[in-house]
Structure formats: C-alpha cells, structure tokens
Amino acid sequence: MGEPLTVDHEALAVRTLGPCRVTSPLLPLLSARPTTQHYIDEGDKVLFDDTLAMVSSRKVPIEELPSFEAAGPRRKIYFDPAKTRVGIVTCGGLCPGLNNVIRGVVTELTTHYGVTRIFGFRNGYQGFIARYGHDVVDLTPQTVATIGEDGGTILGTSRGQQDPEEIVDCLSRMNINILFVIGGDGTLRGAGEIARVANERGEKIAVVGIPKTIDNDIPFIDQSFGFQTAFAKASESIVAAHAEATSAPGGLGLVRLMGRHSGFIACYASLAKSDADVVLIPEIPFTLDGEGGLLNYLRRRIEETGHALVVVAEGAGQELSAAENGGQSTGTDASGNRKLHDVGVFLSRRITDYFASVGVEMNLKYIDPSYVIRSVPANPYDSVYTIRLAHAAVHAAMAGRTEMVVGRWRRRFIHIPLPLAISHRNQVDPSGDLWMSVLEATGQPPRFQ
Ligand SMILES: Nc1ncnc2c1ncn2[C@@H]1O[C@H](COP(=O)(O)OP(=O)(O)OP(=O)(O)O)[C@@H](O)[C@H]1O
Ligand SMILES: O=P(O)(O)OC[C@H]1O[C@](O)(CO)[C@@H](O)[C@@H]1O
Ligand SMILES: [Mg+2]
C-alpha cells in the first residue's frame, strides 16, 4: 500500500464567518434526523480514508483521524434570509450542468430559505469589473425555470485574471453577502483570492465554490459534475471511429479527446465502449519508435486483427509533439494555462508516415469531437448530481461557511476547504485500479517504451 495522503485536521477545517444564531427555515425538515447509513447529521464527520489499511497506517486515535465536514442543512444558520443578498458567477471552459447548478442554487435559496435578492454576474470574473460594461442579471425561479435543458451557461463565462480587490469592491458596493463561484481550478484560485481580500477587509462575505471540470482534475471529489455527460458524449466518437476502422482494409481510428493534464475522459470513454486498442493519457509518457513503441504496436494490431483504434487525451505526448516543433513554446491562454500542441494532428502524421515507410496498407480516420463533449446539456445523472451539489452549496453558505467548495467524497456530500481543493491536480494514477481496468480492457502494454 502507498503512503496515506498527507492531510491533517487543520487542512480539513472549514472557515466560518461567525456563530450561527438564526433558526433555519429548514428546521422542520431536520428535526430528528440522526446519522444513519443514508444521512449525515451536521455534527458528524466523513472519514478521509476508506480502507482498514489506510486508517490503521495513520496510527492515531479514532477522533484524530482526518475527516471532512459533512454537507447538508444546519438547524441554525449564520445569515438572516430576509436580509441576504447573493451573487453567482460561472468561469472557465464550459461544462455540462452549469445551468443546472445555477438553477439549483436559485431555487433552493428562494423556495426553502426565502432569499429573494440573487444576482448573476456576466461572463466570469469580468462581470464584477465596471470597465467591461456587463450587466448584472436578476435571477429568480422564473428566469431559471427551464435553463437546465440547455448546455452552456446563461451567465456566460470567460478566462483571464481580474483584480480581486476590484471584485470585492463590487461585492461590497452591491451589499452581497454570499458569492457562489462555479468553475475549475483557476476559478477556485480566484475565489480564494476574493475570500482573502474580503477577510482582510473584515467583510462578512461567504465565498462558496461548486467545482466544475469535465477533466475531473479537482482533487478530493469522487467525480466532478459534467464529467459523466462529457465522457458519455465522447464515447460516441469512439463508436464512430470503430465503425470506420473496422470497415476499411487496415483501418485505423484515432480519437482525440479533451483532458489537458488528466486523462479521465479518455479512460472512461474508452471503457464505456471497450473498442479501443490503445489509450494514451498525459499521466503516462509513451514512445513512438522502436520495438516497444506505439507505431510498431499499431502495425502488429493491424496485421493481426485488420484494424486498430487509438484514443488520445489532448495533453498526452506533448513532449513528443513539442520536440518535433523544435521545442517551440505554444504560449498561454488569457488565464495563463499553457496552450497545447495538437497531439491528434501530430499522431496522424507520424502514423501515416510510419505505415507508408513499412509498406503496410493503413486507412486513418481521425475524429476530434472537441467542444462537442462539453457544450451539451447535462445527462440525467449529472442533472441529479448538480442539483444536490447546489443544495449543499446553499446550505453551507447560509451557515456562514466560506473559502470552501462542496464535493462528493466516497458517496457523501462534504465541505472541502478551498486551499485543499486547489492544492494539487487530480490525475489518473498509473498504479491505480482505473488505469489497470484500461489495460485489462485494451490489452495494451503498461508502457510504450
Ligand atoms: N491564481 C489566480 N488568481 C486569481 N484568479 C485566477 C487565478 N487563476 C485563474 N484565475 C481566474 O479564474 C478564471 C478561470 O480560470 P481558468 O481559465 O484557468 O479556468 P478554470 O476555472 O481552471 O476552468 P477550466 O477547467 O476550464 O480550465 C479566469 O478569470 C482566471 O483568470
Ligand atoms: O475553451 P478553451 O480555452 O479552448 O479550453 C479548452 C480546455 O478547457 C477544458 O475543456 C477544461 O475546461 C480542457 O479539457 C480543454 O483543454
Ligand atoms: Mg483549469
């Protein structure tokens, strides 16, 4: 067994704006609900570890085991709903379920807590900055009633850093008490800055994140919302590539899928269809040439079975395509994320050249579904998941929790301190059981080297 993740009590403690003195309007729903197999009482904790080996390796008394604060409604809350003003913003790339989260937050706030002043900030963090001139929209149960049926975000989104001082100026000016931030790792870093500035100024603003990422790269969350919809959509491209590959002599299907630094979409989409012969992910470098290289392997697959199917995550093989471009930098996007070399185009060229050089017939069909997988509406699973995350986020914020995100860990909804959620990137573990399943399903060697 590997070392247990280094987390301690302090890292898992969630910051609170102050004591909760207001009786929650949800009290009648809660009155006598103790922790059971299906419910966690607000005073209970969710264990960080879930195996005997992990727990015993900590060698600490049970009360010192690392644990997350449970999500869910509190009997006493911090904010008086009648006086509470709320802001919502979506940032970063699209993700299925963004509208569902907005809808879930608005309806929970209004229907159950009786909060009526909810403002949507337009186009990501730009929405707080006056010089962009974006309007602020009133969000009501009526305006969000049917938005879950659409992909994208009704609020718009953007990349590019904005000054947290200016953002807090805007929040203060509008007397916002709670800010819900829906976004990925960059957005959550920004949220941490907003919470820091608000705290330094002594402003009692709760900043609560709902992590968004089709890449599933936020840690301490079993799976992020939108991920399931995205990989389900991606698997359609695998079906198409398989049909093309098996219908041509020497057919070779190549599918490039999103996944900058984490190959979860490529792994899950491939496992969903079991047609892939090779899955390439950013976490595992590979070699093209030589006996143990990818190209020779593909030639053997085509000679033996008549076709081959490769699924590659966009962040895989970056060092190979960079080397071909003389190590030239691709620059960064507005948020400072490194732009990637197009590994799909690179592999298409190298595979085509190789088969021509060895004189084996090969018909390559390259499919890149690109933005198609993240702009679709949430599937029923993600619709349910997003509404539950939205509820958890509202409960947390109304109870004065701040600088935190909601998540689901080992099937329980929890509060994760923001610094922990951005402490590192969630990636496919080459020694983990997910990658082992991929190896079992594809039959590919653990490494091409
Ligand atoms: N360290 C940071 N401090 C303040 N703001 C940040 C920071 N990093 C990113 N941001 C801001 O957060 C917003 C979204 O960041 P980014 O474009 O990286 O998307 P993301 O939230 O990581 O989502 P995606 O999964 O699509 O990458 C941008 O406005 C960006 O400038
Ligand atoms: O919208 P952009 O800037 O092209 O972003 C693309 C990136 O965003 C993501 O979809 C994450 O949001 C990545 O998978 C992808 O690399
Ligand atoms: Mg990001």
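By the naming in an unreviewed UniProt entry, the protein goes by ATP-dependent 6-phosphofructokinase and is assigned to Frankia nepalensis. Quoted straight from UniProt, the Catalytic activity (unreviewed entry) entry for the protein says "beta-D-fructose 6-phosphate + ATP = beta-D-fructose 1,6-bisphosphate + ADP + H(+)".

Draft legend 1. Fine view of the UniProt feature "binding site: Mg(2+)" (unreviewed entry) in the protein. Under the present numbering, the feature "binding site: Mg(2+)" (unreviewed entry) in UniProt falls on D185. Checked against the element boundaries, D185 lands in helix α7 (residues 185-200). Assessed through its relative accessible area of 25%, D185 is described here as partly exposed.

Draft legend 2. Just the site of ligand 2, in detail. Around ligand 2, the neighbouring residues are G93, R159, K212, I214, D215, M258, G259, R260, E314, Y371 and R374. A distance of 2.9 Å separates an oxygen atom of ligand 2 from a polar side-chain atom of R159. Measuring from an oxygen atom of ligand 2, one finds a side-chain N or O atom of D215 at 2.8 Å. Relative to its free-state accessible area of 400 Å², ligand 2 is covered by the protein chains to the extent of 81%.

Draft legend 3. Region of interest: the sheet that holds strand β9 (residues 178-183). The 9 strands are arranged β3-β4-β17-β16-β10-β9-β6-β7-β8 in an open sheet whose pairing can be described as mixed. Every interior strand has two partners, whereas the edge strands, β3 (45-47) and β8 (136-138), have only one. The mean angle between the axes of side-by-side strands here comes to 35°, regardless of whether they run parallel or antiparallel. In this sheet, β8 lies alongside strand β7 (residues 117-121) in antiparallel orientation, the contact comprising 3 bridges. Each residue of the ladder has a partner; that of G120, found in β8, is V137. Against the sheet, helix α4 (residues 98-113) contacts β6 (85-90), β7, β9 and β10 (206-211), and its axis sits at roughly 175° relative to β6.

Draft legend 4. Representation of the packing of helix α8 (residues 227-246) against helix α9 (residues 264-273) within the structure. Look at α8 against α9: their axes get within 8 Å of each other, and the N-to-C directions meet at 60°. When the axes of α8 and α9 are compared, the pair comes out oblique. At the point where α8 passes α9, the crossing takes the right-handed sense. Side by side, α8 and α9 meet where F227, F231, A234, S235, I238 and V239 of the first sit next to F264, I265, Y268, A269, S270, A272 and K273 of the second. Broken down by class, the residue content of the contact of α8 with α9 amounts to 10 nonpolar, 2 polar and 1 charged.

Reading the values: rules and limits
Numbering of residues starts from 1 in each chain and follows the order in which that chain's sequence is written. By the order in which they are written, chains take letters starting at A while ligands take numbers starting at 1. Confidence filtering applies because this is a predicted model: local features only for residues at pLDDT of at least 70, side-chain atom pairs given and counted only at 80 or more, and all residues used for totals across whole chains, interfaces and linings. Excluding hydrogens and water, the side-chain values take into account all heavy atoms of the structure. UniProt positions are given in the numbering used here, feature names are shortened, and annotations may be inferred rather than shown by experiment. The helix and strand labels rest on DSSP assignments: H or I over at least four residues marks a helix, E over at least two residues marks a strand, and numbering proceeds from the N terminus. Throughout, exposure labels follow a simple rule: accessible area from a 1.4 Å probe, protein chains only, divided by the maximum for the residue type, with under 20% read as buried, over 50% as exposed, and the rest as partly exposed. Consider each residue's heavy atoms; a residue with any of them within 4 Å of a molecule or strand counts as near. Whenever a nitrogen or oxygen atom comes within 3.5 Å of another N or O atom, the pair is scored as a polar contact, on the condition that within protein one atom can donate a hydrogen and the other can accept it, and that pairs from neighbouring residues in sequence are kept only if both atoms are in side chains. The protein chains shown are the only cover counted for residues, whose accessible areas, like all others here, come from Shrake-Rupley with a 1.4 Å probe. Strand pairing is assigned whenever DSSP identifies at least 2 bridges connecting the two strands. In this analysis, axes come from line fits to C-alpha atoms, helices being fitted only over the stretch in contact, and the angle between any two N-to-C directions falls in the range 0 to 180 degrees. We call two residues in contact when some of their heavy atoms are within 4.5 Å. Should an angle fall under 35 degrees it is called roughly parallel, over 145 degrees roughly antiparallel, and 65 to 115 degrees roughly perpendicular, with every other angle called oblique. The sense of a crossing depends on the near helix, which, turned anticlockwise from the far helix by less than a right angle, makes the crossing left-handed and, turned clockwise, makes it right-handed. When residues are sorted by character, Ala, Val, Leu, Ile, Met, Phe, Trp, Tyr, Cys and Pro go into the nonpolar class, Asp, Glu, Lys and Arg into the charged class, and all the rest, Gly among them, into the polar class.

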